[in-house]
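Structural overview
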Amino acid sequence: MIEIQNLTKTFQTSGGTVEALKGISLTVEDGDIFGIIGMSGAGKSTLVRCINMLERPTSGNIIIDGKDMGKLSNKELREERRNITMIFQGFNLLMQRNCLKNVCFPLELAGVKKSEAVKRATELLNIVGLGDKLSSYPAQLSGGQQQRVAIARALATHPKILLCDEATSALDPQTTQSILSLIREIHDKLGITVIVITHQMSVVEQICTKVAILDKGNIAEVGQVSDVFAAPKSDAAKRLVYPEGYESSVSIQEDEKVFRVVFNGAMTTNKPMIAQMAIDLNIAANIKAASTQCIGDKAFGNMILGISGGEEELKKAMEYMGNMPNIHVEEIVK
């Protein structure tokens, strides 16, 4: 278990003191895939670097499996870091080493015998789908392949915790999907705890079970991904979940009632729901904003619908849409 207790981090700059983290408290259970999401400058990367003590907190505590990381000696901290590995946006591979030697590197530092290190590295490169690239150098690989090598290297010391700091931000959408699927497969197979740092809600939707919304160094909201996605409460969460349909950008007419429809894994069908509602209820809806995507045969995202009429028509429309599985509805008040 990872317990973050009232964590603060300040930096001294030429312009004065900057508070990157302001009293952060979070608990990550063993085996979670926990997402930490926020806009640029929210403090995400600072937080993840404090977890493994690459950044020393100004105050507060990081407790991992009962051990206060801030109170460990340098030797004890080095030992603990073998259980807490990290992958980055920039891959951070050693360009002068081939794939096999990149994965062997942390094992060499840990004093593992060369034959055992080679065996372990070969197994891991096979797991990440690069068993035929043992002798290839990073410059000969695509971005997705380089990140797979980085994942294999991160797993070399049998870690309990994997920290992913914007690990897919430099990749194209298709490669991102494959890397996220790989992280999920590794989590399921090895049972490790994964913390995913990202600014993309789609990443959190795909693999995380829980999420914390970070905003200007504060925790704005935390909960199950399905709950936060279906009904975000904080303004910071709404900006992330509804980037194209946040109510502040929607014009509402005087005679119009407006509500949001959230697709939280609803099964996609060939039946147009809005047109069907018009047929079944004789209520026409105007799509005022929408941001949706399909992952497999499931729909995620939201749309804002306008209804011309009174409260009765609004109630009927919301009940109609809300009765469909994995769809959440809420009225937007002017």
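The model shown is predicted, which means the values in this text are computed figures rather than measured ones. (Residues numbered from 1 in each chain as written. Predicted model: local features only at pLDDT ≥ 70, side-chain atom pairs only at ≥ 80, totals over all residues. Heavy atoms only, no water.)

Let us look at the pairing of strand 8 (residues 193-198). Of all the six residues making up strand 8, six are buried; the element is thus mostly covered by neighbouring parts of the structure. Along strand 8, one buried face is formed by Thr193, Ile195 and Ile197 and the opposite face, lined by Val194, Val196 and Thr198, is buried too. Where strand 3 (residues 33-37) and strand 8 come together, five bridges link them in parallel fashion. Paired with Ile37 across the bridge in strand 8 is Thr198. Where strand 7 (residues 161-165) lies against strand 8, five bridges are found, and the strand directions are parallel. In the strand pairing of strand 8, Ile161 is matched with Thr193. (Buried < 20%, exposed > 50% of the residue type's maximum accessible area, 1.4 Å probe, protein only. Helix = DSSP H or I, 4+ residues; strand = E, 2+ residues; numbered from the N terminus. Pairing = 2+ DSSP bridges.)

Let us look at unusual backbone geometry. You will see that Met53, though not glycine, has its phi angle at about 65°, which is positive. Looking at the element boundaries, Met53 is found in the loop between helix 1 (44-51) and strand 4 (59-64). At Glu166, a position not held by glycine, the phi torsion is positive, near 50°. As for its placement among the helices and strands, Glu166 is situated in the loop between strand 7 and helix 6 (173-190). For Glu166, a relative accessible area of 12% corresponds to the buried category.

It is worth spelling out the sheet that holds strand 5 (residues 67-68) at this point. Pairing is antiparallel in the open sheet, where four strands are placed in the order 2-1-4-5. Looking at strand neighbours, the two that pair on one side only are strand 2 (16-28) and strand 5, the edges of this open sheet.

You can see Cys104 is positioned in helix 3 (residues 99-109). As for Cys104 and Ala121, which are separated by 17 residues in sequence, their C-alpha atoms are 5.8 Å apart.

The next subject is the environment of Arg153. Tracing the backbone through its elements, the reader meets Arg153 in helix 5 (residues 143-155). For Arg153, a relative accessible area of 14% gives the class buried. Separated by 53 residues in the primary sequence, Arg153 and Leu100 place their C-alpha atoms 9.1 Å from one another. In contact with Arg153, other than residues within four places in its own chain, are Phe91, Asn92, Leu93, Leu94, Asn102, Val103 and Pro106. (Contact = heavy atoms within 4.5 Å.)

All right, on to the pattern of salt bridges then. Applying the stated criterion across every chain, the model contains 11 salt bridges. Note that Asp188 and Arg184 form a salt bridge whose closest N and O atoms lie 3.8 Å from each other. Note that Asp188 and Arg184 are positioned in helix 6 at a spacing of four residues, about one turn of the helix. Overlapping salt bridges bring together Lys9, Arg49 and Glu55 as one network. (Salt bridge = Lys/Arg side-chain N within 4 Å of Asp/Glu carboxyl O.)

Now for helix 3. Taken residue by residue, helix 3 has Cys99, Leu100, Asn102, Val103, Cys104, Pro106 and Leu107 as its buried positions. Looking at the buried positions of helix 3, the neighbouring elements they touch are helix 4 (114-127) and helix 5. N-capping of helix 3 is provided by Asn98, with a side-chain oxygen placed 3.2 Å from the backbone N of Leu100. Among the residues trailing helix 3, Gly111 stands out with phi positive, at a value near 80°. (Polar contact = N/O pair within 3.5 Å; in protein donor to acceptor, adjacent residues only side chain to side chain.)

This part covers the environment of Tyr320. The residue Tyr320 is located in helix 11 (residues 311-322) in this model. Along the backbone, Tyr320 and Asp280 are 40 residues apart, and their C-alpha atoms lie at a distance of 9.4 Å. Beyond its immediate stretch of four places on either side in the chain, Tyr320 contacts Met273, Gln276, Met277, Asp280 and Leu281. One polar contact links Tyr320 to Asp280, side chain to side chain, over a distance of 2.7 Å.

We now examine the sheet that holds strand 6 (residues 84-88). Think of a sheet as strands paired side by side through backbone hydrogen bonds, with each pair either parallel or antiparallel. Sheet architecture is open: six strands sit in the order 6-7-8-3-9-10, paired in mixed fashion. For this open sheet the edge positions go to strand 6 and strand 10 (218-224), each flanked by a neighbour on one side alone. Across the sheet, the axes of successive neighbouring strands diverge by a mean angle of 15°, strand direction being ignored. (Axes fitted to C-alpha atoms, helices over the stretch in contact; angles between N-to-C directions.)

Right, let's talk about the nonpolar core for a bit. A general trend in soluble globular proteins is that nonpolar side chains are found buried together. Core analysis: the biggest nonpolar cluster contains 53 residues, and Ile87, Leu125 and Ile151 have the highest contact counts within it. The dominant element in this core, judged by the number of residues it contributes, is helix 5, at six residues. Excluding residues within four positions of it along the chain, Leu125 makes contact with Cys99, Leu100, Val103, Leu130, Gly131, Leu134, Val149 and Ala152. Among the nonpolar cores identified, the runner-up in size contains 28 residues, and Leu7, Phe34, Ala42 and Met53 belong to it. (Core = buried A, V, L, I, M, F, W, Y, C linked by side-chain atoms within 4.5 Å.)

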